[in-house]
Amino acid sequence: MKRNLLSVAALLFGTLFLFMGNGLQGILLPVRGNLEGYATTTLGLLGTSWAGGFVIGCLVAPKLVRRVGHVRAFSGFISIIAIIALVSGIIIHPVWWVVLRAVTGFSTAGTSMIIESWLNERASNESRGAIFSLYIGITLLGVVGGQMMIPLEDVRTPVLFMICGIFYCIAMLPTTLSTAASPQPLKAVRLDLPALYRNSPVSCLGILLVGIANGAYGTLGAVFGAGAGLSDTSIAIMMSATIFAGAMMQLPAGRLSDRIDRRYVLAAMSSVAALAGLLIFILHPTSPALLIGLVVLYGAVANTLYPIAVAHANDFAASEDFVKVSGGLLLLYGIGTVIGPTIGGPVMSVITPHALFLVTAVAHVLITVYAIIRSRIRAAVPASDRDAYTTIPTGTSPMLTPQSMSLADRGAGKAAETGKSPESGDPAVKFG
């Protein structure tokens, strides 16, 4: 275990700075854009273009990596991200920002896939879970650390954009200077919507809606905070506290879903998220403490939905199809994050900034209703035969890639625990 962790220590150090840059740039652009007077619809397009680029990157980047190799591809992708961060601080123009944000999303998918495949190569079966958990923890820490740098400098200057570029350059060094052998070629995951829906209707539709809600909040949360009168420091605290609350709630919610029908837990968490969103929209809290408290409550439950939905889908999938199912759902989530900011921006412009949470509430109400309806139609998998829940943070943190699903390796764990294969009586439904 210790040897495996030491072998990826430099890579994880670079990962920390990569996500610090992502976290800082992700909150800096909407905050600066809001000060420049950009329309909320335009700011929403920043998230739409990033998510669209990320999804395309998950599909296309493996081909580029196979052509030029992991190290060259990583250096190329991260150089592009660093250049874009610096250019964004020089060219203050909404159209350019939207276009460049799509390229950043594409390149971020490439860098993340390379890091995750590298970790897969270094992980043994005994250390895989520890390395995956450590990787997730580092991504969350990086995003929060980047966001909390907003109060340190005036966002009207190019300094914070320059700091983003520095973070990205530091992230490049460990992998570029490494003498270790490159990992095996990346594998692209094919998105098969009909097969995904046959496997689990609740997970398929639910994750699309979670993507819409989380994409809207992740992109426009800072814009909402500014519109609600919060300072830059309060906005950074709100966005960061949301991530921490979601991380803290995942394990209790996941363990509960291991004991009862996951659809009930999905419905319960969605209903609380919808309630919190509606309270923010209706009450328009003026107290920063109350407002941030409600947003943190929202984030705590909203960020548990994705991993519970993935676990529910894997309950009905064959063990060897775990990566295919989870990777497909991840790409479907990405599609939702493209839709969310596209809807949220215009709604906030027409109504009020607080209407962001009206958009999320509608998505969460639909999840609640559909999960309850499906629980009456299809029986749950017995608790003894379910796939064990694994924490998979998404939402306010950057999306994972299909390679991270291999790193989690839950399908193999499920097969080892049950000792069953789909042909030997496993209640799973063959996927694809």
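Numbers given to residues run from 1 along each chain, matching the order in which its sequence is written. pLDDT decides what is reported in this predicted model: residues at 70 or higher carry local features, side-chain atom pairs at 80 or more are listed and counted, and totals for whole chains, interfaces and linings draw on all residues regardless. Only hydrogens and water are set aside when side-chain values are computed; all heavy atoms of the structure are taken into account.

### Considering the packing of helix α2 (residues 9-35) against helix α4 (residues 70-90)
Note the threshold: Helix axes are fitted to C-alpha atoms over the stretch in contact, other axes to C-alpha atoms as well, and angles between N-to-C directions run from 0 to 180 degrees. The helix count covers DSSP runs of H or I at least four residues long, the strand count covers runs of E at least two residues long, and both are numbered beginning at the N terminus. Roughly parallel refers to an angle under 35 degrees, roughly antiparallel to one over 145, roughly perpendicular to one between 65 and 115, and oblique to any angle outside these ranges. The crossing is said to be left-handed when, going from far helix to near helix, the turn is anticlockwise and less than a right angle, and right-handed when the turn is clockwise. It only takes one pair of heavy atoms within 4.5 Å for two residues to be counted as in contact. Amino acids outside the nonpolar list (Ala, Val, Leu, Ile, Met, Phe, Trp, Tyr, Cys, Pro) and the charged list (Asp, Glu, Lys, Arg) are all regarded as polar, and Gly is one of them.
Relative orientation of the contacting elements α2 and α4 amounts to 30°, with a least axis distance of 12 Å. Relative to α4, α2 is oriented roughly parallel. Relative to α4, α2 is oriented so that their crossing is left-handed. For the pair α2 and α4, contact is made by Leu 18, Gln 25 and Leu 29 and by Ile 78, Ile 81, Ile 84, Ala 85 and Ser 88, respectively. Partitioned by chemical class, the residues of the contact of α2 with α4 number six nonpolar, two polar and no charged.

### Here we look at the packing of α2 against helix α5 (residues 94-122)
A pair of packed helices can be characterised by two numbers: the angle between their axes and the separation between those axes. At a minimum axis distance of 12 Å, the contact between α2 and α5 shows a crossing angle of 160°. Considering the angle they form, α2 stands roughly antiparallel to α5. For the element pair α2 and α5, the recorded crossing hand is left-handed. Here Leu 11, Leu 12, Thr 15, Leu 18, Phe 19, Asn 22, Gln 25, Gly 26, Leu 29, Arg 32 and Gly 33 of α2 come into contact with α5, specifically with Trp 97, Arg 101, Thr 104, Thr 108, Thr 111, Ser 112, Ile 115, Trp 118 and Leu 119.

### Some words on the side chain of Thr 219
Cut-off, in case you're wondering: Relative accessibility under 20% of the residue-type maximum defines a buried residue, over 50% an exposed one, and the middle range a partly exposed one, all with a 1.4 Å probe and only protein chains included. What qualifies as a polar contact is a pair of N or O atoms within 3.5 Å, subject to a donor-acceptor requirement within protein and to the restriction that residues adjacent in sequence count only when both atoms come from side chains.
By the secondary structure assignment, Thr 219 is in helix α9 (residues 201-227). What makes Thr 219 buried here is its relative accessible area of 13%. Engagement of the side chain of Thr 219 in a polar contact is seen with the backbone oxygen of Gly 215, the distance being 3.1 Å.

### Describing a nonpolar patch on the surface
Operational definition: Only residues above 30% relative accessible area that lack a salt bridge enter a patch, with like-charged residues linked at up to 9 Å and the nonpolar side chains Val, Leu, Ile, Met, Phe, Trp and Tyr linked at up to 5 Å. Only the protein chains shown count as cover for residues, and the accessible areas themselves come from Shrake-Rupley with a 1.4 Å probe. A side-chain nitrogen of Lys or Arg and a carboxyl oxygen of Asp or Glu constitute a salt bridge if their distance falls within 4 Å.
Residues Leu 275, Leu 278, Leu 279, Ile 282 and Leu 283 make up a contiguous nonpolar surface patch of about 460 Å² in total accessible area. Note on placement: Leu 275 falls in helix α11 (residues 262-283).

### With respect to α11
Just so we agree on the cut-off: Working rule for helices: expected span equals 1.5 Å times residues minus one.
Between its first and last C-alpha atoms α11 spans 31 Å; for 22 residues at 1.5 Å apiece the expected length is 32 Å, and the two agree. Those residues of α11 not exposed but buried are Arg 262, Arg 263, Val 265, Leu 266, Ala 267, Met 269, Ser 270, Ala 273, Ala 274, Ala 276, Gly 277 and Ile 280. Taken together, the buried residues of α11 touch α9, α10 (232-259), α12 (288-302), α13 (305-315) and α15 (356-377). Remark: His 284 follows α11 within two positions and exhibits a positive phi of approximately 50°.

### Topic: the environment of Thr 157
Checked against the element boundaries, Thr 157 lands in the loop between α6 (128-147) and α7 (159-177). Along the primary structure Thr 157 and Arg 32 are separated by 125 residues, whereas in three dimensions their C-alpha atoms are 9.3 Å apart.

### Points about the pattern of salt bridges
Applying the stated criterion across every chain yields a total of five salt bridges. Across the pair Asp 154 and Arg 156 runs a salt bridge whose closest N-O atoms are separated by 3.5 Å. By relative accessible area, which is 35% here, Asp 154 ends up partly exposed. When its relative accessible area of 53% is taken as the criterion, Arg 156 is described as exposed. Asp 258 serves as the salt-bridge partner of Arg 262, at 2.9 Å between the closest nitrogen and oxygen. Take Arg 262: its relative accessible area is 1%, and that puts it in the buried class. For Asp 258, a relative accessible area of 19% gives the class buried. Overlapping salt bridges bring together Arg 255, Asp 258 and Arg 262 as one network.

### Quick look at α2
The terminal C-alpha atoms of α2, which comprises 27 residues, lie 39 Å apart, in line with the 39 Å expected from a rise of 1.5 Å per residue. The element α2 is extensively covered by neighbouring structure, given that 20 of its 27 residues are classed as buried. Positive phi appears at Gly 37, one or two residues downstream of α2, with a value of about 85°.

### Section: the environment of Gly 340
Mapping Gly 340 onto the fold places it in helix α14 (residues 322-350). Considering only alpha carbons, one finds Gly 340 and Gly 215, 125 residues apart in sequence, at a separation of 5.1 Å.

### Some points on the packing of aromatic side chains
Quick note on the threshold: Two rings belonging to Phe, Tyr or Trp (six-membered ring only in the last case) form a pair when the distance between their centres is within 6.5 Å. Interplanar angles under 30 degrees mark stacking, angles over 60 mark edge-to-face geometry, and anything in between is tilted.
Summed over the entire model, instances satisfying the criterion amount to 11 aromatic pairs. Ring geometry for Trp 50 against Phe 54: centres 5.2 Å apart, planes inclined by 25°, an arrangement best described as stacked. One end of the pair is Trp 50 and the other is Phe 54, both in helix α3 (residues 40-68) and four residues apart, which spans about a single turn. As far as burial versus exposure is concerned, Trp 50 and Phe 54 are alike and both buried. Centroid distance Phe 224 to Phe 357: 5.0 Å. Interplanar angle 80°. Geometry classified as edge-to-face. Of this pair, Phe 224 sits in helix α9 while Phe 357 sits in helix α15, placing them 133 residues apart in sequence. Across the pair, Phe 357 and Phe 224 agree in class, each one buried. The structure contains a cluster of three or more aromatic residues connected by ring pairs, namely Tyr 217, Phe 224, Tyr 298 and Phe 357.

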